[in-house]
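As a plain string of letters, each chain reads:
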Amino acid sequence: MSLRRFLVGLAAFAVAATVAVVAPSTASAATCAAAYSAGQVYTGGMTASYNSHNWQAKWWTQGETPSTGGTGVWADQGACTGGSGGGGGGTTCSYPDWVAGANYTTGAIVRYPANGQYYQATHDNPGYDPTISTWFWSPYSCTGGGGGGGGTGFVVSEAQFNQMFPSRNSFYTYAGLTAAIAKFPGFATTGSDTVQKQEAAAFLANVSHETGGLVYVTEIDKSGNYCDTSQSYGCPAGTYAYYGRGPLQLSWNFNYYAAGNYLGLNLLGNPYLVEQDPSVAWQTGIWYWFTGTGAGGTTSHNAMVNGQGFGATIRAINGGLECDGHNPAQMQDRVNLYQQYASLLGVSPGGNLTC
């Protein structure tokens, strides 16, 4: 997120070898198993479907979203069709509306009135908002009842994603991105189809700028001391362990601490997880998109869905160094990428592009 890191990365990008993208499996799709549920206990050999893939548990697990990263508890069995692909599955959508302030126990299922989607409590909680407190709630898919939205479809297809990032590092998987999106139901699903695609394009444009086209998982120069010792929790992973990682280059111990608390992960104690698990990496980027205001006073998500324009996302992410004439070239690079991605998705970029 800093200009220094970007310039160093840009220089290195000119000479760095591109990491080859591994082609996805072309095996014919099987029928999807029962959809994965974060509240369910799985033992070795049990299967579940998630993001249109079947997965098999290697050993006991609960609450760990199927992915090829993390502890590797899940084995990808390939693409599938016909399942619900989210959490829960098979039952009719006849669950009560979520009520703020009501006590919910693990496993409770509610309908969120504002978007018509369903959520299952993954931890006991005193009525936290399911679209904000993703540590306590996970999306839940079911059939019937006419809930809105739903499905696992992201407004950016895998083919479009690959077109946006032709030289991306194979670490940044599309599956990791869609798994992360499942924890943020409001991401690229709020507003009209145009607004949804504009938000997706805006996020991916900023990501592309920060990582040299999804080439860099970590910042090049790791010598920076991003440990704020004034924080009571300190830097348990080491003074120099909190360098930039992931699609928006998460850095500083206080950001790892806040992101970890939000996501239910010990990122303060193990910041390396962000460079080891693709879904976690993407989660940190979307977390900042939903929570970081930077110099702008509004989050990037709110800026895009409330019509403030792409320029407000630049201000939220790196406004202190790029906006108000501080570095117009870097600002314009973000704008150019956004316009390119919006065009690829078939929508206008809208107004207020610069800051």
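Parameters at a glance
Residues numbered from 1 in each chain as written. Predicted model: local features only at pLDDT ≥ 70, side-chain atom pairs only at ≥ 80, totals over all residues. Heavy atoms only, no water. Disulfide = S-S within 2.5 Å. Buried < 20%, exposed > 50% of the residue type's maximum accessible area, 1.4 Å probe, protein only. Helix = DSSP H or I, 4+ residues; strand = E, 2+ residues; numbered from the N terminus. Core = buried A, V, L, I, M, F, W, Y, C linked by side-chain atoms within 4.5 Å. Contact = heavy atoms within 4.5 Å. Polar contact = N/O pair within 3.5 Å; in protein donor to acceptor, adjacent residues only side chain to side chain. Axes fitted to C-alpha atoms, helices over the stretch in contact; angles between N-to-C directions. Parallel < 35°, antiparallel > 145°, perpendicular 65-115°, else oblique. Left-handed = near helix turned anticlockwise from the far one by under 90°. Nonpolar A, V, L, I, M, F, W, Y, C, P; charged D, E, K, R; others polar. Pairing = 2+ DSSP bridges.

A. Region of the structure containing the state of the cysteines. In the structure shown here, the tally under the stated rule is 2 disulfides. The disulfide partner of Cys 227 is Cys 235, and the gap between their sulfur atoms is 1.9 Å. Looking along the S-S bond of the Cys 227-Cys 235 disulfide, the torsion reads about 110°, which is the right-handed sense. Considered together, Cys 227 and Cys 235 belong to a single accessibility category, that of buried residues. A sulfur-sulfur separation of 1.9 Å characterises the disulfide bridge that pairs Cys 323 with Cys 355. Measuring handedness by torsion sign, the sulfur bridge of Cys 323 and Cys 355 sits at about -85° and is left-handed. With Cys 323 in the loop between helix 8 (310-322) and helix 9 (328-344) and Cys 355 in the segment after helix 9, this residue pair connects regions lying 32 residues apart in the sequence. By relative accessible area, Cys 355 is classed as buried at 17%.

B. Local environment of the nonpolar core. Counting 63 residues, the largest nonpolar core has Phe 154, Phe 187, Phe 203 and Trp 282 as the members making the most contacts within it. Mapped by element, the contributors of at least two residues to this core are helix 2 (158-164), helix 3 (174-181), helix 4 (193-211), helix 5 (253-263), helix 6 (278-291), helix 8 and helix 9. With 8 residues, the top contributor of residues to this core is helix 6. Residues contacting Phe 187, with those up to four places away along its chain left out, are Phe 154, Ile 181, Glu 199, Phe 203, Ile 286, Trp 289 and Phe 290. The next biggest cluster of nonpolar side chains, apart from the first, holds 8 residues, and it includes Ala 48, Trp 55, Trp 74 and Ala 179.

C. Structural context of the side chain of Thr 178. Looking at where Thr 178 falls in the secondary structure, it is placed in helix 3. A polar contact of 3.1 Å, which involves the side chain of Thr 178, links it to the backbone oxygen of Ala 175. Sequence-distant contacts of Thr 178, defined by excluding residues within four places in its chain, comprise Asn 51 and Phe 154.

D. Region of the structure containing the packing of helix 4 against helix 9. Packing of helix 4 against helix 9 brings their axes to within 8 Å, and their N-to-C directions diverge by 135°. As summarised for this structure, helix 4 and helix 9 are arranged oblique, according to the angle between their axes. Seen along the crossing, helix 4 lies across helix 9 with a hand that is right-handed. Note on element contacts: helix 9 touches helix 4 through Gln 330, Asp 333, Arg 334, Leu 337, Tyr 338, Tyr 341 and Ala 342, opposite Gln 198, Ala 201, Ala 202, Leu 204, Ala 205, Asn 206, Ser 208, His 209 and Glu 210. When the residues that make up the contact of helix 4 with helix 9 are grouped by side-chain class, the tally is 8 nonpolar, 5 polar and 3 charged.

E. Just the sheet that holds strand 7 (residues 109-112), in detail. Read across the sheet, 3 strands follow the order 7-8-9 without closing on themselves; strand pairing throughout is antiparallel. Pairing within the sheet leaves two strands with one partner each, and these edge strands are strand 7 and strand 9 (137-140). For this sheet, the mean angle separating the axes of adjacent strands, direction not counted, is 40°. By the bridge criterion, 4 bridges tie strand 7 to strand 8 (residues 117-121) in an arrangement that is antiparallel. Looking across to strand 8, one finds that Arg 111 is bridged to Tyr 118.

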